[in-house]
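# Observations on the three-dimensional arrangement
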Amino acid sequence: MKTITLLLFAALFVGPLYGQTREDLLNRLADLQKKGYMVGHQDDPFYGLKWSGIADPQKPERGRSDVKEVVGDYPAVMGFDLGGIEMGDEKNLDSVPFSRIREELLAHVARGGIVTISWHPRNPLTGGTAWDNKDSTVIASILPGGSKHLKFLGWMRSVGDFLKSLRTKDGRPVPIIFRPWHENNGGWFWWGAKQSTPKEFRGLWCMLQDYLLFEGLDNLVWSYSPNLDGNCTEEQFLERYPGDDRVDLIGLDAYQWGTEEDFVRQVNSDLRMLTDYTQKKGKLLAMTECGLKNVTDPTWWSRVLKPQLDKYPLSYFLFWRNYPKEYFGPAPGEKNAESFLEMVRSKNVLMLKDINH
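Residues numbered from 1 in each chain as written. Predicted model: local features only at pLDDT ≥ 70, side-chain atom pairs only at ≥ 80, totals over all residues. Heavy atoms only, no water.

## Considering helix α10 (residues 300-309)
- Burial within α10 is extensive, with eight of its ten residues counted as buried.
- Along its buried surface, α10 packs onto β1 (37-42), α9 (260-281), β7 (284-291), β8 (316-319), α11 (337-344) and β11 (349-350). (Buried < 20%, exposed > 50% of the residue type's maximum accessible area, 1.4 Å probe, protein only. Helix = DSSP H or I, 4+ residues; strand = E, 2+ residues; numbered from the N terminus. Contact = heavy atoms within 4.5 Å.)

## A look at the nonpolar core
- Core analysis: the biggest nonpolar cluster contains 109 residues, and M38, F152, L163, W181, L204, L305 and F317 have the highest contact counts within it.
- With residues up to four places along the chain from it excluded, the contact list for L305 reads F263, M287, C290, W300, F317 and M343. (Core = buried A, V, L, I, M, F, W, Y, C linked by side-chain atoms within 4.5 Å.)

## Brief notes about the packing of helix α6 (residues 149-164) against helix α7 (residues 198-214)
- With their axes 10 Å apart at the nearest point, α6 and α7 run at an angle of 50° to one another. Classed by the angle they form, the pair α6 and α7 counts as oblique. Crossing handedness for the pair α6 and α7: right-handed. The residues of α7 that touch α6, namely those facing H149, F152, M156, R157, G160 and L163, are L204, M207, L208, Y211 and L212.
- Of the residues that constitute the contact of α6 with α7, the class distribution is eight nonpolar, two polar and one charged. (Axes fitted to C-alpha atoms, helices over the stretch in contact; angles between N-to-C directions. Parallel < 35°, antiparallel > 145°, perpendicular 65-115°, else oblique. Left-handed = near helix turned anticlockwise from the far one by under 90°. Nonpolar A, V, L, I, M, F, W, Y, C, P; charged D, E, K, R; others polar.)

## Details of α6
- Its 16 residues place the ends of α6 22 Å apart at the C-alpha level, agreeing with the 22 Å of an ideal helix rising 1.5 Å per residue.
- If you check which residues of α6 are buried, you get H149, F152, L153, W155, M156, V159, G160, F162, L163 and K164. (Expected span 1.5 Å × (residues − 1).)

## Things to note about the pairing of β7
- Burial within β7 is extensive, with eight of its eight residues counted as buried.
- Where strand β6 (residues 249-255) meets β7, six bridges bridge the pair, whose relative direction is parallel. In the strand pairing of β7, D253 is matched with E289.
- The parallel pair β6 and β7, bridged by α9, forms a crossover whose chirality is right-handed.
- Relative to β8, β7 is paired through two bridges, and the arrangement is parallel. Its bridge partner lying in β8, C290 is registered against F319.
- Once you follow β7 into α10 and on to β8, the crossover reads as right-handed. (Pairing = 2+ DSSP bridges. Right-handed = clockwise from strand over helix to strand, strands pointing away.)

These results come straight from atomic positions and should not be treated as a statement about function.
Encoded structure:
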């Protein structure tokens, strides 16, 4: 599969290669993990509960952040998403212009922050969203020999072109954490476990990775992040895992959708297993997504989440975006802000300033 795909790349996408390894970022993440775990937030500089930096293109608010307005500092890690880039859209699936993503991402790197990128691509077979999960032949259709393979090569090229554009002022590629095909053990995305075999999924991972490496994007730290399970064994985890030679950071997406008791049990079960595996294999570990929708428990950060995170050698945790109708982070005037402040005042919880000295 790899040979066939690379030959197609060579025929269709000949272009300049860019050389930059991921070693600096990997070493930095490993060093920071010795101090504690970083705070991360998705879409942090674009909008908050009571403001928007993208609603009016003529008067965009710059420099704002709900986290910064609560804590007085930016989160150490910011998350961004490329959903829609494959369609040639000007804005991603959350209506954030890709030009702003590039701008804010580079600004965060310039201030010493770390960035992670996910991708919610549309369904390449049906034309539906990433959540169009009714067809079990989507991955097969985009692997080499499939009816949509050439189409998906174009989609990968769009991702690669954007990633290549992420350069410092002196032209150096920006090392980033790249986290494709997240929550693949669930069934809500077209690349999920209910929609594909383990072999097909691993083929999808390898195809994207091989293409981006072929394009010279060796500045990516590759993050593999299944969803919270609560009963996952190492054997089950490895069924869809693409391999230690293809993954740098293993994450867990862990939201509290049910009771607190269930969340605590599931998080500890999965993180114990993943800690054992990552320490055995020398991989980084993170909670790559987390949160309690609309933070209905005002003590959740310090009373529920932090005691679980403290037990494990995590690089960072990232809570999802603060969209007014569905938010996962603190904001000024919200009842959970004090609990969040209590959490980040701990020496082992790292904000932006804590990773720059």
